[in-house]
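Letter by letter, the chains look like this.
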Amino acid sequence: MMVLCFLSRTLQLARYSSSPLGRQLCSASSNKPVLTLFTKKPCPLCDEAKEVLEPYKRRFILQEVDITLPENSSWYDKYKYDIPVFHLNGKFLMKHQVDIQKFEDQLMKLELQNDGNQ
């Protein structure tokens, strides 16, 4: 699994075996929400979705999960016909394509919660 932490102007790239660990390590350096993309290669729809999300990338941490890897077989069974699939902070958000209004609404809610908890 690959975890991409978008922090200020730098891109930190690391590999972790479990998503909670990846979230904890990235979140330790940032209070940003974690957007998980369940994907495989090739996935043109996933590439399109990432392009749509590009203007928002400084507001979240993108974690990509390759569902074809053996350790992700449960995700493959669940999402093999639905990618791209997105979870926001571990909760299902959307699939097939980016619903930008839904994404913005949920991202804003999380940002407001984080601001209130600081």
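Here the structure is a predicted model, which is why all the values come from computation and not from measurement.

Another point: the pairing of strand β3 (residues 34-39). Counting buried positions over the 6 residues of β3 gives 6, a clear majority of the element. By the alternation rule, side chains of β3 split into Val 34, Thr 36 and Phe 38 and Leu 35, Leu 37 and Thr 39, which are all buried. As paired strands, β3 and strand β4 (residues 61-66) are joined by 6 bridges and run parallel to one another. Residue Thr 39 lies in a different strand from β4, and its bridge partner there is Asp 66. Note on the crossover from β3 through helix α2 (residues 44-53) to β4: the handedness is right-handed. Here β3 runs beside strand β5 (residues 85-88); their pairing, made up of 4 bridges, is antiparallel. Each bridged residue has a counterpart across the sheet, and for Thr 36 the counterpart in β5 is His 87.

What follows deals with helix α4 (residues 100-116). In an α-helix, one turn spans 3.6 residues, which is why side chains three or four residues apart end up on the same side. With 17 residues, α4 ought to run about 24 Å at 1.5 Å a step, and its terminal C-alpha atoms sit 24 Å apart, in line with that. Those residues of α4 that fall on the buried side of the exposure criterion are Phe 103, Leu 107, Leu 110 and Glu 111. Buried residues of α4, seen end-on, are gathered within an arc of 100° and therefore sit on one face of the element. Along α4, the residues that are exposed and aim more than 90 degrees away from the buried face are Leu 112 and Gly 116. Its buried side turned inward, α4 meets β3, α2, β5 and β6 (91-95).

Within this structure, the stated rule accounts for 1 disulfide. Paired through a disulfide, Cys 43 and Cys 46 show a sulfur-sulfur distance of 2.1 Å. The sign of the S-S torsion, about 70°, decides the handedness of the disulfide formed by Cys 43 and Cys 46: right-handed. Using a relative accessible area of 8% as the deciding quantity, one classes Cys 43 as buried. Using a relative accessible area of 1% as the deciding quantity, one classes Cys 46 as buried.

We now examine the environment of Ala 49. Tracing the backbone shows Ala 49 in helix α2. Overall, Ala 49 belongs to the buried group, its relative accessible area being 3%. Spatially, the C-alpha atoms of Ala 49 and Val 85 are 9.8 Å apart, while their sequence positions differ by 36 residues. Among all residues touching Ala 49, those that are not within four sequence positions of it are Pro 84, Phe 86 and Val 98.

About the thresholds
Residues numbered from 1 in each chain as written. Predicted model: local features only at pLDDT ≥ 70, side-chain atom pairs only at ≥ 80, totals over all residues. Heavy atoms only, no water. Buried < 20%, exposed > 50% of the residue type's maximum accessible area, 1.4 Å probe, protein only. Helix = DSSP H or I, 4+ residues; strand = E, 2+ residues; numbered from the N terminus. Pairing = 2+ DSSP bridges. Right-handed = clockwise from strand over helix to strand, strands pointing away. Expected span 1.5 Å × (residues − 1). Arc of directions from axis to C-beta. Contact = heavy atoms within 4.5 Å. Disulfide = S-S within 2.5 Å.

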